[in-house]
Every structure is written in C-alpha cells, then in structure tokens.
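Here is what each chain is made of, one letter per residue.
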Amino acid sequence: MDWTAIGLTLRLAALTTVILVLMGLPLAFWLARSQWRWKFLIEAVVALPLVLPPTVLGFYILMAIGPRSPVGQLYEALTDQLLPFSFQGLLVASVLYSLPFAVRPFAAAFAGVDWRLVEASWCLGKSRLQTFFLIVVPLAWAGLLTGIVLSFAHTVGEFGVVLMVGGNIPGVTRTVSVSIYDEVQALNYAAAGETALFLLGLSFGVLCVTYALQRRMVVL
Amino acid sequence: MNADFAADFEKRFSGGPVIRAHLACPTDAFAVTVLFGPSGAGKTTVLRCLAGLERPDAGYIHCREETWFDAARGIFLPPQQRGIGYLFQDYALFPHLTVAGNIRYGLSQFPRAARGRRVVELLDLMQLVGLEGRYPKQLSGGQQQRVALARALARRPQVLLLDAPLSSLDAPTREQLRRELRRWLVDLRTPTVIVTHDRVEAMALGDQVVVMDQGRVLQSGPVYEVFGRPADVVVARIVGVDTVEPAQVLRVADGLATVAVGPVQLVALAEDPLEGDVYVCIHAEDVIIERGSVTASSARNQLAGSIRTVSREGPMVRLNMDCGFLLAALVTKQACEELNLREGERVTALVKAPAIHLVPRGSHLT
C-alpha cells in the first residue's frame, strides 16, 4: 500500500476542507440571504466545477497560477517558489475544484433556517455574530456537516485536476487516486487493489458516521 | 412629547405600498396600544419598524429620551440596542433550546446568579413550572405562547411589541389566554403595542387603538371612542360595530348579566363568567325603534331617549339616539318615514339580550 500517497491525500483533503469552511461559510451565508440582482452570476461560478471536465478546470488553474501569471509572479516574489507542481498549487486547485461541494450544502442549510429565529435573537440583544453561532450554526448543523464531509471526500477522490496541476511527484503531489492509476498501468494489481480497498473502506466509514450523526440531530 | 414612546415615520417598499404611521403612547402611565386593521394594512410593518427590524425611509421614533430612529439625523438603532420585547406571530421559539434555555437566552447581560433567579421568576409568573426542560415542539400552543412572552419579558424591556399574540391558537385557548394576557400586561405595567385584526381581541386587550388600512392610520384614540364613534365610513366598516360603551357588571344570574352603562342598566347574555369592567357592543341593525312607550315585548331592554342625528346610508337610515349613552340604530327609509323619525323626536329602542355582546376587560384600571 502506498502510505506516502495516502498520508499526502489526507493532508491535502483536511487542509482543503478547513479552507473551504473558512471561505465557504460566509460565502454561503451571503448566497442564502442576498437579494442582489446579479447573485446568479456568483452562483454559476461556484457551481462551475460540477459541470466542467476536470482537465479543463485544471488547465485554466495551471495557466492562472503559472510563473507568467500575476498570481504566480506574486507567489514567486513572496516565497521564492513556484506554484504549479507543488503541494501549495495542488491545494489552490483542490479548493476551487471542491468549492461547490461545500458552498451548496452550506447555502441550502442556511436557507432552511427560519429567519424569524434570527430576528428573535437580535431582539433579545444578541449581535449578528453571536446569533450566527448560537442560532444559525446549531440549526444548520446537519447541512454544514454534509458540506464538510462532501468536500473532504471529493478532494480525496480527485484525479484529473491533480494530474493537470500537480503532476505526479511522489511525496509532493502524488495522491492516492494517481497512485492507484500508476499501479494499474504497471500491471501491479495487488498493490492497486490494497489501496483501492483502503479508500473504499474509509469513504464508507465516513459516510456511515455522517448519516448516523445527521439522524441523531433530526431526532432532536 | 419627551416622556413618550412616539413615532411618526414612513416606510416605502419598491413596487409595493407606502406605510405611514404615527403614534404616541405614554410610557410613564401604563397603556396598551392596539394596532388594528384588516390583513395587509401594514400593521406588522409598523411593529417591525418600531423594533428596528425594518428601517423606515423618513420620520422618527423616540422612546423616552432615546432616539431610536431619525431619518434627518441619520440615526438608526439596531434591535439589539432598543430594549424591546418582541413577540412573533408564531412565537419563533428556538427549537434547539429548552423552555429554560429560551427564556435565559437574552439574559447574558445579567450577572450569572441573577439569570437563574430571573428564569425561575418568569416560569412562575407564566405558570410554566415543571416544563423548563421541555423543547418547544413538546408544548401546546398556549404553553408556547407563554414561553415566548416569558422570553420577551426576561430582559425587562422598555416597550413590549406583540404581533398577533393570540392568532395561532385554537378558539378556546385563545379566549382563556386573552383574559390572562390582559391581566399580565396590567400587572407588568410595561407599555405595550399589540397588532391584531381581531376586533374582540383589540377591545379586550387595548386601552388605545390605532386603526390602520392600506398603510395609513385612519383614526386613533381610546378603544371605546374609536369603536363606538368611528371618524368616517371607512373606519366604521373596519371596526364593524356600531355602539361600544364601557360598562360594569352588576350581577349575573340564570345566564343573564345585568350591566350598567352610566345611569342605564342593560340585560345581556352572560356567555363567560363575568365581573368588573366590560365593553357593551351592539350592532345598529339589532336595534328596533318604536314610537311612544311599549307595553309588552319579548326584548329585555327598552331604552327611552331622543334622536340626535339622522343620516341616510343607501336604502337604510342610521339613527343616533341618546338614551343615557349614544345608541346607533339602522332602520329602512320606509320605517323612518312611517314613524316620522326626526332629530329631537322621543322614541323607545328595543334590544334583545342576545344582541348585546359583552367583551370582558378582566381587571380594573385606575
């Protein structure tokens, strides 16, 4: 089993999920509440990774973070390193690729919270931020959990974007799915099978825990 | 006007109606102000503006020495800073918190020890002892209403704002809670603004009434004055009763109540246990006018008096007669001519006991 790839993948997925929670919660809350007439543009951009082929997305990300792009030049000036084919570049790509899997469940969960409860909280003297953590998050928790699990699982399973942006550098950008692909190419079915089984078990376990937790919350 | 809770503002909705409201309630002398009118009149919008949940486009809202809103000076206090207790129409209890948790929610500014005491106090006042560990879902409608009221009262608000507090209850619970609510409000002495489209609720709960229709205030004043002497036909149609007079229950026997309206005694059906202050409501079409004295009639109430005003209303004629209080009667044009009913004429009005509706006021206010 390719433990290096598994460790790298889990690290990538965990970091991606953390960034998506920090970015996605405010974005999703804004999407759920805003009356802005051009909001649909933002919604479409967020949902784009759902329909775009990973290679297309990967290609554009590669161009956007390349050493000739403003983003790539800025990163190089700040860190003296290049973004493409690095773990950091892979992280940027993963965040963009998994964005809809976090933001859409978050936004749906926020939209499901009765707004009068929020207003009731304001009338009881709680600030907007306090209300968000005392009322909105507890009531939207099931949907938030779904978004967190989906973005984690989706990052673990990504393939096309990783190949395009990260390449296949062991210990740096070689994730589990790429590792399995390589083993199969080398006709090393036993190793591929072990890693695949591990991934299957992990995914199934995470989903079981998620649904069990959600059920408990619905009962409450 | 400084010691008052006073507001005069305008709220515009894009593509919608304009809501204009002005009201002034004394805060030193306790009073319940009722915002009354049909659905869509803009009552809830007015309440939401008072709470700070909506921002008006023009005007001002003052509470005692505080300015809550002033369009000219660009002042707008958010609801957190207004010291209000707001009761939402279907209560908006937090479903993930227990009864005690809901009541304690707004108390974070209180010292820790005082919070628990305040919760116990409110559980006691609202008769919720034993339910503190329940979740809102596990409560009846009446219990939810009391929890919501307890939560709104917990922070000792300067002003209570109640949005249709009884409308989501079934009829028997509504009648019971209507009396209790008035008693609690009188006991608490917190100035209160109540939104309702229910006439009986308005009379039973309010001291002052503000009649609204299509976003405008049509008339405001003491309840019996507005209901009994509507300023114009529109208000009369909205308030829907013709004669409303404060009265006192003298005695109840055999299902009949005898009440005193000034010097006049009336007999009415006693549907509920009654005592103390009531409003007497009589529809003009239920009043029969006779000429001279009536010797034998099944009507329990025979009121002698003289006609004050006569006015045409389509095929009908509206009479206002003075029989110790002002009584409105509606008769046909033919009857008016046959009986020669004119201003100053002496007549007798007959009203059957079931046609006199009594609205209990619960407690006596000094």
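First things first, this report covers the structure right here in the doc. As the structure is a computational prediction, the values presented were derived from the model and not from experiment.

### With respect to the packing of helix H6 (residues 115-123) of chain A against helix H7 (residues 128-156) of chain A
All names here are of chain A. Close contact between H6 and H7 brings their axes to 10 Å; oriented N to C, the two are set at 140°. Looking at the two axes, H6 sits oblique to H7. Note that H6 runs across H7; the crossing there is right-handed. Counted together, Leu-117, Val-118, Ser-121 and Trp-122 of H6 and Thr-131, Leu-134, Ile-135 and Val-136 of H7 form the full contact between these two elements. The residue makeup of the contact of H6 with H7, split by class, is six nonpolar, two polar and no charged.

### Section: the sheet that holds strand E9 (residues 192-196) of chain B
All names here are of chain B. Here six strands make up an open sheet; going across it, the order is E7-E8-E9-E3-E10-E11 and the pairing mixed. On the outer flanks of this sheet lie strand E7 (84-87) and strand E11 (216-222), each paired with one strand and no other. Strand-to-strand, the axes of this sheet are offset by a mean angle of 15°, without reference to chain direction. Where strand E8 (residues 159-163) lies against E9, four bridges are found, and the strand directions are parallel. For Leu-160, the partnering residue across the bridge sits in E9 and is Thr-192.

### Quick word on the nonpolar core
Counting residues in hydrophobic clusters, the biggest one holds 153 residues, and the most contacted among them are Leu-35, Leu-161, Val-259 and Val-280 of chain B. With 14 residues, the top contributor of residues to this core is helix H5 (residues 87-111) of chain A. Sequence-distant contacts of Val-259 of chain B, that is, excluding residues within four places in its chain, are made with Ala-247, Gln-248, Val-249, Leu-250, Leu-266, Ala-268, Val-278, Val-280 and Leu-358 of chain B.

### A closer look at the sheet that holds strand E17 (residues 301-313) of chain B
Residues and elements named next belong to chain B. What the five strands build is an open sheet, ordered E16-E20-E17-E18-E19; its pairing is antiparallel. One side of each edge strand has no neighbouring strand; the edge strands of this open sheet are strand E16 (288-291) and strand E19 (326-332). Neighbour to neighbour, the strand axes of the sheet diverge by 45° on average, direction disregarded. Sheet topology note: the E17/strand E18 (residues 316-322) ladder contains seven bridges and is antiparallel. Its bridge partner lying in E18, Arg-312 is registered against Val-317.

Parameters and conventions
- Residues numbered from 1 in each chain as written.
- Chains lettered and ligands numbered in written order.
- Predicted model: local features only at pLDDT ≥ 70, side-chain atom pairs only at ≥ 80, totals over all residues.
- Axes fitted to C-alpha atoms, helices over the stretch in contact; angles between N-to-C directions.
- Helix = DSSP H or I, 4+ residues; strand = E, 2+ residues; numbered from the N terminus.
- Parallel < 35°, antiparallel > 145°, perpendicular 65-115°, else oblique.
- Left-handed = near helix turned anticlockwise from the far one by under 90°.
- Contact = placed C-beta atoms within 7 Å.
- Nonpolar A, V, L, I, M, F, W, Y, C, P; charged D, E, K, R; others polar.
- Pairing = 2+ DSSP bridges.
- Core = buried A, V, L, I, M, F, W, Y, C linked by C-beta atoms within 7 Å.
- Buried ≥ 20, exposed ≤ 12 C-beta atoms within 10 Å, placed from the backbone.

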